[in-house]
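Examining the three-dimensional arrangement
Take a look at the letters that make up each chain.
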Protein chains: 2
Amino acid sequence: MTKSPRRAGRPSTQVLTEERILKAAFALSAQRTARQFTMTALAESLGVRTSALYHHFANRDAVIRAMRGQVSRALVSPVLHEMPVEDALLTWAHSYRDAAIAAPEAMVMLATSPIDADEGSFADYEQIARLLVADSWPTDTIVDAIVALESFIIGSALDALAPADNMAPGALAAQFPTFAEAEAARARLSTDPARRTFEIGVRALIHGLTAWARESTT
Amino acid sequence: MTKSPRRAGRPSTQVLTEERILKAAFALSAQRTARQFTMTALAESLGVRTSALYHHFANRDAVIRAMRGQVSRALVSPVLHEMPVEDALLTWAHSYRDAAIAAPEAMVMLATSPIDADEGSFADYEQIARLLVADSWPTDTIVDAIVALESFIIGSALDALAPADNMAPGALAAQFPTFAEAEAARARLSTDPARRTFEIGVRALIHGLTAWARESTT
DNA sequence: ACCTGAACACCGTTCAAGT
DNA sequence: ACCTGAACACCGTTCAAGT
C-alpha cells in the first residue's frame, strides 16, 4: 500500500523500543474502540510494518498486559495518608478510573481475566488497607470495601467506553417518556455524563461504605 | 470445509429465526470469550453458513444489541411498585446481577460494544424512572442513579467471574501483611465473598444515592 | 424470502530474506 | 538483532445464484 520509507534489513538506528510502542498503544487506545485497537493500526501509528512489533512483544495480548502493568504501577499515590479517609478513597478511585479510561482494552482484560498474583495490584491494596485500619475499620470490612469500590470503578470505566449518547432513547422517546425526559435533563447538565455519574456514584458508595463500617464496629 | 448438509436455495422449512439465533448466541457466550464470539462460530453452532445470519441480523453488533435487549426484558419485575423505593431498587439490582452472572461474557460485550437503542433496555429503565419520579426524585438525578447502579452491578458480576480466591495474596502475604490479614478475615466470613461484597456494596450505594437525591431536592 | 458459495478487505501471526 | 515483505488462516460483510 503505502510504500515504506525503509527498505528491508536491520536499520542502522533502532526504530522501536518497548517504551515507544507502549506510548503509542496508549495514544491509540484513547482514539479507537477496543475492537479497532489492532496491531496493524498500532504499527501504522509508529510508521512501521505490523510484523516489526513482534520483535518486541510476543503478541497482541502481551502488549495489553504490558499496558495493564503500567496502569497499576501508576496508581500508588503517596499522599493518601495526609487526608481524611473519605478523601483518600476518592483520590484513589479517581486515579484508578483515569488509568482505566486511558487503557480501555487493558480494562476489559483486567475485568475478564483473573489477576496474576505477581501483579503490583497488591501494593495498591496494601496501602488502602493500612489507611482503613488506621481509621479503625473492622478487619473483616476492609476487603469488601475495596472490592465494592473496584467493581464500581471498573463498571463505570466500561460505561464510559460506550458512546456518550448510548442512554438516549432517540426515536423510542415517545414510548418511554419518563425515562426520555430524565435522560434529556441529565444530558443538559453535562457534556460528559459518564464522568458525572462516576462522581456521584463514587461519593455515594464511599459514603455508604463508611457508614456501614462504622455500624460494624459497634 | 465441512460439506454442508443443505444445498443452495431457500430451504422448504425455515432453518433460522431470531429467537433460535439468540438462544445459540447466549450458549456460545457462556463458552467463549468476547473475542472468540464470532459470527462464524455462531453460525457453526447453528449448523449454518455464516452469511445466513445476515438475513436475520444486520451485523454482529445487532446480535449483541438483541442479546442486551433480552437480558433487560428478563429484568422487568411487576411487583416493584408495591414496595419502598430502596427495596425496589434492591430487587431490581438482584435480578440484574443474576442475569449478568448467567451470561458474564455477554455482559462484557454488552458493556463494551458500541450499541444503541434497543426497546428492551429502555422498558426496564422506564419502569425504574417512573418509580423514582413517584418517589419525587429530581428529574436530573434519575439517569445518574440508574447508570451508577448498573455500573456497580456489571463490575460486581465481572468480579464474581474471577476465581473466589483471586484476592488472596498467597505467597506475597508476607510482603503485604495488612491486606493479607483483612483478606483472610473476609474469607472466613463467607464461602461466596463476591456475593457478600455485592450485598454490602449495593446497599451502601442505594443508601448513598437516595441521600444524594434527597439533598438535590432542596 | 432464505439459504449457500464465492468474493473482498482486513486481522493476527509466522517466517524467510535482507542488513 | 531488527526491519520488510510475502504468506497463511481467519473474520465480518456483501452479493449473486439457487429454490
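Residues numbered from 1 in each chain as written. Chains lettered and ligands numbered in written order. Predicted model: local features only at pLDDT ≥ 70, side-chain atom pairs only at ≥ 80, totals over all residues. Heavy atoms only, no water.

Each helix and strand counted, chain A has nine helices and zero strands in total. Going residue by residue from the N terminus, the α and β elements of chain A occur as α-α-α-α-α-α-α-α-α. In chain A, buried positions account for 50% of the 218 residues. Long-range contacts, defined here as pairs at least 24 residues apart, represent 71% of the contacts in chain A between residues at least 6 apart. (Helix = DSSP H or I, 4+ residues; strand = E, 2+ residues; numbered from the N terminus. Buried < 20%, exposed > 50% of the residue type's maximum accessible area, 1.4 Å probe, protein only. Contact = heavy atoms within 4.5 Å.)

With that out of the way, let us pick up the protein's contact with DNA strand C. In the vicinity of DNA strand C, 27 residues are found, and the nearest of them are Gly9(A), Arg10(A), Ser51(B), His55(B) and His56(B). Between a base nitrogen of DNA strand C and a side-chain N or O atom of Arg10(B), the distance comes to 3.3 Å. Within the side chain of His56(B), an N or O atom sits 2.6 Å from a phosphate oxygen of DNA strand C. Among the residues making up the surface near DNA strand C, the classes are represented as eight nonpolar, 12 polar and seven charged. (Near = heavy atom within 4 Å. Polar contact = N/O pair within 3.5 Å; in protein donor to acceptor, adjacent residues only side chain to side chain. Nonpolar A, V, L, I, M, F, W, Y, C, P; charged D, E, K, R; others polar.)

Turning next to the interface of chain A and chain B. Listed as interface residues are 61 residues of chain A and, on the opposing side, 60 residues of chain B. Of the roughly 5,200 Å² buried where chain A meets chain B, counting both sides, 72% is carbon and sulfur surface. A per-residue breakdown of the area chain A buries against chain B is headed by Phe122(A), Val143(A) and Phe179(A), which together make up 12% of the total. For the pair chain A and chain B, the number of links is four salt bridges. Counting across the chain A and chain B interface gives 12 residue pairs in polar contact (both at pLDDT 80 or more). Of all the elements in the fold, those that place two or more residues in the side of chain A that touches chain B are α5 (104–112), α6 (121–134), α7 (142–161), α8 (177–189) and α9 (193–217) of chain A. Take the side of chain A that touches chain B: its biggest share by element is 14 residues, from α7(A). Of the residues assigned to the side of chain A that touches chain B, the class counts are 37 nonpolar, 11 polar and 13 charged. (Buried area = accessible area lost by both parts, 1.4 Å probe. Salt bridge = Lys/Arg side-chain N within 4 Å of Asp/Glu carboxyl O.)

Taken together, 27 residues lie near DNA strand D, and Ser51(A), His55(A), His56(A), Gly9(B) and Arg10(B) sit nearest. Counting only atoms of DNA strand D within 4 Å of the protein, the fraction found in sugar and phosphate groups is 58%. Take Arg6(A): an N or O atom from its side chain is 3.3 Å from a sugar or linking oxygen of DNA strand D. Within the side chain of Arg10(A), one N or O atom sits 3.3 Å away from a base nitrogen of DNA strand D. A per-class count over the surface near DNA strand D returns eight nonpolar, 12 polar and seven charged.

Between chain A and chain B, which share one sequence, the superposing operator has a rotation angle of 176 degrees and an axial displacement of 0.9 Å; the RMSD is 2.8 Å. Here the symmetry operator amounts to a two-fold rotation axis. Across chain A, the smallest distance between a C-alpha and the rotation axis is recorded for Gly155(A), namely 1.0 Å. Take the interface residues of chain A: 95% of them recur as interface residues in chain B, which is what a same-surface contact looks like. (Least-squares fit on C-alpha atoms with pLDDT ≥ 70 in both.)

With that settled, consider the nonpolar core. Nonpolar side chains in soluble globular proteins tend to end up buried together. Counting 142 residues, the largest nonpolar core has Leu42(A), Met67(A), Leu209(A), Leu42(B), Met67(B) and Leu209(B) as the members making the most contacts within it. For Leu42(B), the contacting residues outside a window of four places in its chain are Ile21(B), Ala24(B), Ala25(B), Leu28(B), Leu53(B) and Val63(B). (Core = buried A, V, L, I, M, F, W, Y, C linked by side-chain atoms within 4.5 Å.)

With that settled, the discussion passes to the packing of helix α4 (residues 85–102) of chain B against helix α9 (residues 193–217) of chain B. All names here are of chain B. Relative to each other, α4 and α9 sit at 140 degrees, their axes nearing to 10 Å. Classified by the interaxial angle, the pair formed by α4 and α9 is oblique. Of the two elements, α4 crosses α9, and the hand of that crossing is right-handed. Contacts between α4 and α9 pair Glu-86, Leu-89, Leu-90, Ala-93, His-94, Arg-97 and Asp-98 from the former with Ala-194, Arg-195, Phe-198, Glu-199, Val-202, Arg-203, Ile-206, His-207, Thr-210 and Arg-214 from the latter. Classifying every residue of the contact of α4 with α9 gives seven nonpolar, three polar and seven charged. (Axes fitted to C-alpha atoms, helices over the stretch in contact; angles between N-to-C directions. Parallel < 35°, antiparallel > 145°, perpendicular 65-115°, else oblique. Left-handed = near helix turned anticlockwise from the far one by under 90°.)

Attention shifts here to the domain arrangement of chain A. Residue and element names in this part refer to chain A. Assigned domains of chain A: these are domain 1 (14–57) and domain 2 (60–215). Averaged C-alpha coordinates put domain 1 and domain 2 at centres separated by 27 Å. Between domain 1 and domain 2, a total of about 1,100 Å² is buried, with carbon and sulfur atoms accounting for 76% of that surface. The largest share of the area that domain 1 buries against domain 2 comes from Leu-22, Phe-26 and Phe-37, three residues that together contribute 47% of it. On inspection of domain 1 and its partner domain 2, the count reaches one residue pair in polar contact (both at pLDDT 80 or more). Class assignment of the residues belonging to the side of domain 1 that touches domain 2 gives a composition of eight nonpolar, one polar and no charged. (Domains from an automatic or database assignment.)

A separate point is the packing of aromatic side chains. What the rule picks out here adds up to 12 aromatic pairs over all chains. Grouped by ring-pair contacts, the aromatic residues Phe122(A), Tyr125(A), Phe176(B) and Phe179(B) constitute a single cluster. When the ring centre of Phe198(A) is taken as origin, the NZ or CZ atom of Arg97(A), which lies over that ring, is 4.9 Å away. (Phe/Tyr/Trp six-rings, centres within 6.5 Å; stacked < 30°, edge-to-face > 60°. Lys NZ or Arg CZ within 6 Å of the ring centre and 35° of its normal.)

Residues and elements named next belong to chain A. What the rule picks out here adds up to 11 salt bridges over all chains. Ionic pairing is found between Glu-199 and Arg-203, a salt bridge with its closest N-O pair at 3.0 Å. A residue pair is termed a helical-turn pair when its members lie 3 or 4 positions apart in one helix, as Glu-199 and Arg-203 do in helix α9 at four residues. The class for Glu-199 is buried, based on a relative accessible area of 18%. Classification of Arg-203 as partly exposed rests on a relative accessible area of 43%. What emerges from the salt-bridge pattern is a single network uniting Asp-98, Arg-195, Glu-199 and Arg-203.

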